[in-house]
Each structure stands twice: as C-alpha cells, then as structure tokens.
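Coordinate inspection notes
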Amino acid sequence: MKKEAPTKRGGLESKKGERKETGKIGGVGTGISTETAPWKAGLKAAKASLQEIGGIKPDISFVAVTGEYSIKHVIKGIRKGNGGAPVVGLLTHGFVFSEEDIAGSGIAVSSISLDTVKFEVGLGQGVSSNIENAIEEAITPILDQVVAKKAEGYDYLTIFFIVDAVRNGDLLMSRLVKVLDSKDEFIPFLGAVLDITGKTSDKCGVIYLDNIYHDAFLAVGMYSKIPISTGYGHGLYPLVPKRATSVSGDVIVELDGKPAYEVWKDYLVRKGHDGDDIDKEPGKYLSRFLFGIPDPSSPRQPKVRMALGITKEGGIKLSGLVKENSTVWFMEARKERMIDQAGTSVIRAIEGLKEGKPSGAWVISSLVRFLNMKNDYFEELHAIRRKLGIPFIGFNSAGEFYRPTSTMKWYHNSSVITMLFSE
C-alpha cells in the first residue's frame, strides 16, 4: 500500500497551544516539519523543539526522518536550530509523528534537557558481517561511563537501540542479550529494526552526530536518577493454532503435515477471501494475517512474526526462527484490539513510573500496523496522544525488540513500545 500522509482529519490536529507551559525552562520539547527543503525542515523542527524548553541548548536532539530527505542537510538545519547540540536518530521507510501531527514525508525532533537523565551515545558498524562486534562497538562508549555516572547519582541505565536492517530478529535478540549480560548483570533495553529484509538501502539508516550510517547499530544510553519507564502492546488476535511439522530455519515448510502455503491459503479462503487474489498478491494478505509463536515470557501475547514471502516449494518464510513441531498461530489485526493495545503501551509506561512526573516520550510503532489497519491506524495514534498528554515523537519500525526485565525478551513485527522520561 502506498504510504501517504493523512489529512488533518486522519492525522493529529495541532494542539500545541493547549499544552504550552509559559516560562518553562528545560524538559522535553518536540517539533515536526513537513517542509520539502531538508535544511529548512530540520531548522524549523529543531527551533520548535527548543522553544518548548525555553530556548536553552539541549543535551541531545533525537530525530526521526522519512526517507525523502538529504540527511546531511537535515542535520545541518537541526544543529543550527538546536544550538549545536548532538543529533542522533533514524531515517525510516514509514511515518514520523508527534503530539501535533503525523507526516508521511517529514521530520520530527525531540530535544531534551533534564536533570534526571544524562545521555551517552555509540555507533557500531558492520552488523551484517559480525553482529556481536557491532553491538560491542556501539555500547562500549556508554558502558565506559557507568562508574562516573553512578558517582554523580545516575544509578540506572537503559539503552535505546536502532538498527537499520536485520533479517533475523531472534538472532538479533539473542546476540544483544549475550553481549549485554557479559558486561553487567542486567541492563534493560528497547529498540527498533527499520528493515526486516536484512537489505540495506538509502531509504533507511541510523543518524549518529553529523552523518547517516547503514548496516549499523545506534545505541543511546540513558543514565537516569529515576528508572526509565516503558510499556508495550500489539493487539493481534490469534485465530487458529497449527503445528509446524517441518521447518528449515526461518521457513515453515509444512503445517499439520501439508505444504504451509496451502494450509494458510485454504484457511483464508474458508474465511471468505478470494484464492486467486491470494495467489496473485500474497504480500497483501501476509501483512494482515501474521503468525504467532508462543512466548513463555509473555503467555497472553504470542510473539508476532511477519511472513516475508512464499518459497517455490510452498513454504512460508518468516522474519525469525521457528522450532519444528512448535505451535504456530494464524493472527489477525482487529481494529479495536489494536487501538486498545496501543493505549495499553502508554498505560503500562505510566504505571511503571514509580517516581517523578512524566515529561516526554518516544514511541516506536510498527509500520505493519499501518499495513494491517490502513487509515484506522491514525486512530491508534490519536489514542496514544490522548493517553500521554505530554510532548512525544514517534516513528515506524519493521521489528521491535524489548527487554524491560531479566525474564522478558520480546521481539515482534507489529507492536508498539512507549518510553517515558520523567522530570
């Protein structure tokens, strides 16, 4: 489906004037621009974000940009508008959004100056050739500051990751856990994969200081006096379980002893979908009817995997590993449940904030949700905005990974993650 910016009715109507705090100095400020000129768009979004924090130079500006812009010019504009503060972020295939608006082509900036949080950033390159080395490279400058930051009273560390292209989300998750746990007993993290095909492109990448990088990891370390609070949800509905009786890595060869595609197609035909249309455009249905794999760390919500295609032999290729003889659920996107769970991600984040007052948020929302829900997706963003009631920016991912506790390890292709900063 072609990605288009919504009209104001479908998007987020500007409410900036309703939440302005006169005389406010510091905090989290946001700005969003749909200007076509990259330098001007970056400048405009950055200036708007600084205006909300009293015009002071922030500690960092986090930026989400859609794929139509020249990033070097965007960064120059942002740094002109934010007083030269460090800039990190991403270039996405999807939408960017804030409490003000949503853009299919635009730039969103979150500028932060908080006494409760200090930032350290790192970059790791060569993800496709050696993912563990890339992770090590990205986190080293962050972990080097553990002792110094704790001495200053910043006892808690959470890491926000962005990786532009990874084929196997389960492998990514296991390597992240392995590397981080070799450094410390437990470090919570969350993050996004921008492209789950594993193929790098000029349409997505990670922004680190003055440049854009591909085949790379961005790590944003957040040392805080109060634990960073996060929440999650997906809302896809499990329809029927099948047994993966034959598996080859990330390909389900057979379901219940029959070619996987035939079983999947037959089920959709019995639900009233046209078999010829499925054969002609399987991708249209693969984006709507995803696959669920039971997750011991989250029993009520199976891990959601998007199918990336159909093999010549009739197998279904998933964006992650599947164990032979495991249960695989056919999942369906249902509007009400999806919107409800997007709101739940906010509620969980707010409820997890033990101290302080929410000041701002970053939101990761899967582009698959838009493919599932079409224009109803924008109602979901309205729900997030209403429940947050604070400045936030968000962007579309293709895969979302999340470890808020030592026992929960979440990787999905159609979820929402909300992260809160507190004053």
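From a predicted model like this one, the values you see are computed outputs, not experimental measurements. (Residues numbered from 1 in each chain as written. Predicted model: local features only at pLDDT ≥ 70, side-chain atom pairs only at ≥ 80, totals over all residues. Heavy atoms only, no water.)

**Focus on the confidence of the model for the protein chain**
Taken residue by residue, the protein chain gives an average pLDDT of 91. The fraction at 70 or more is 94%. In the predicted structure, residues 7-11 sits below a pLDDT of 50 and forms nine contacts with residues beyond four places in sequence or in another chain. Here residues 13-20 is modelled with pLDDT under 50, and outside its nearest four sequence neighbours on either side it reaches 18 contacts, counting other chains as well. (pLDDT = per-residue confidence, 0-100. Contact = heavy atoms within 4.5 Å.)

**Brief notes about the environment of Gly 257**
Of note, Gly 257 is situated in the loop between strand E16 (251-255) and strand E17 (258-259). Classification of Gly 257 by relative accessible area gives partly exposed; the value is 45%. Here the alpha-carbon distance between Gly 257 and Lys 242, two residues 15 residues apart in the chain, equals 9.9 Å. (Helix = DSSP H or I, 4+ residues; strand = E, 2+ residues; numbered from the N terminus. Buried < 20%, exposed > 50% of the residue type's maximum accessible area, 1.4 Å probe, protein only.)

**Let's talk about the sheet that holds strand E4 (residues 96-98)**
Across the sheet, which stays open at both edges, the six strands sit in the order E5-E4-E24-E23-E27-E13 with mixed pairing between neighbours. Whereas interior strands pair on both sides, the edge strands pair on one side only; in this sheet they are strand E5 (102-103) and strand E13 (229-233). Pairing of strand E23 (residues 358-366) with strand E27 (residues 416-422), which is carried by seven bridges, proceeds in the antiparallel orientation. Pairing of Gly 360 across the sheet is with Phe 421, part of E27. (Pairing = 2+ DSSP bridges.)

**Quick word on the packing of helix H10 (residues 335-351) against helix H12 (residues 377-388)**
The interhelical angle for the contact between H10 and H12, taken along N-to-C directions, is 25°, at an axis separation of 9 Å. Accordingly, the angle class assigned to the pair H10 and H12 is roughly parallel. Crossing handedness for the pair H10 and H12: right-handed. Residues Lys 335, Met 338, Ile 339, Ala 342, Gly 343, Val 346, Ile 347 and Ile 350 of H10 pack against Glu 379, Glu 380, Ala 383, Ile 384, Lys 387 and Leu 388 of H12. For the contact of H10 with H12, the residue count by class is nine nonpolar, one polar and four charged. (Axes fitted to C-alpha atoms, helices over the stretch in contact; angles between N-to-C directions. Parallel < 35°, antiparallel > 145°, perpendicular 65-115°, else oblique. Left-handed = near helix turned anticlockwise from the far one by under 90°. Nonpolar A, V, L, I, M, F, W, Y, C, P; charged D, E, K, R; others polar.)

**Observations concerning the sheet that holds strand E3 (residues 87-92)**
Ordered by their spatial adjacency, six strands build an open sheet running E1-E6-E2-E3-E10-E11, and the pairing between neighbours is mixed. Among the strands making up the open sheet, the edge pair consists of strand E1 (27-33) and strand E11 (211-213). Averaged over all neighbouring strand pairs, the angle between strand axes comes to 20°, with direction disregarded. Inspection of the sheet shows E3 paired to strand E10 (residues 205-208) by four bridges, in the antiparallel sense.

**Focus: the pairing of E13**
Across the five residues of E13, five count as buried, placing the element largely inside the fold. The alternating pattern of E13 places Ser 229, Gly 231 and Gly 233 on one face and Thr 230 and Tyr 232 on the opposite face, and all of these are buried. In the sheet, E13 pairs with E27 via five bridges, with the strands oriented antiparallel. Note that in E27 the partner of Ser 229 across the bridge is Leu 420.

**Some thoughts on the side chain of Thr 92**
Summarising the element assignment, Thr 92 is placed in strand E3. A polar atom in the side chain of Thr 92 sits 2.8 Å from the backbone oxygen of Asn 396. (Polar contact = N/O pair within 3.5 Å; in protein donor to acceptor, adjacent residues only side chain to side chain.)

**So, the side chain of Arg 305**
Along the polypeptide, Arg 305 turns up in strand E19 (residues 303-305). Since its relative accessible area comes to 0%, Arg 305 is described here as buried. A polar contact of 2.5 Å, which involves the side chain of Arg 305, links it to the backbone oxygen of Tyr 411. Residue contacts for Arg 305: discarding those within four places in its chain leaves Asp 170, Leu 290, Phe 291, Ile 293, Leu 318, Ser 319, Gly 320, Tyr 411, His 412 and Asn 413.

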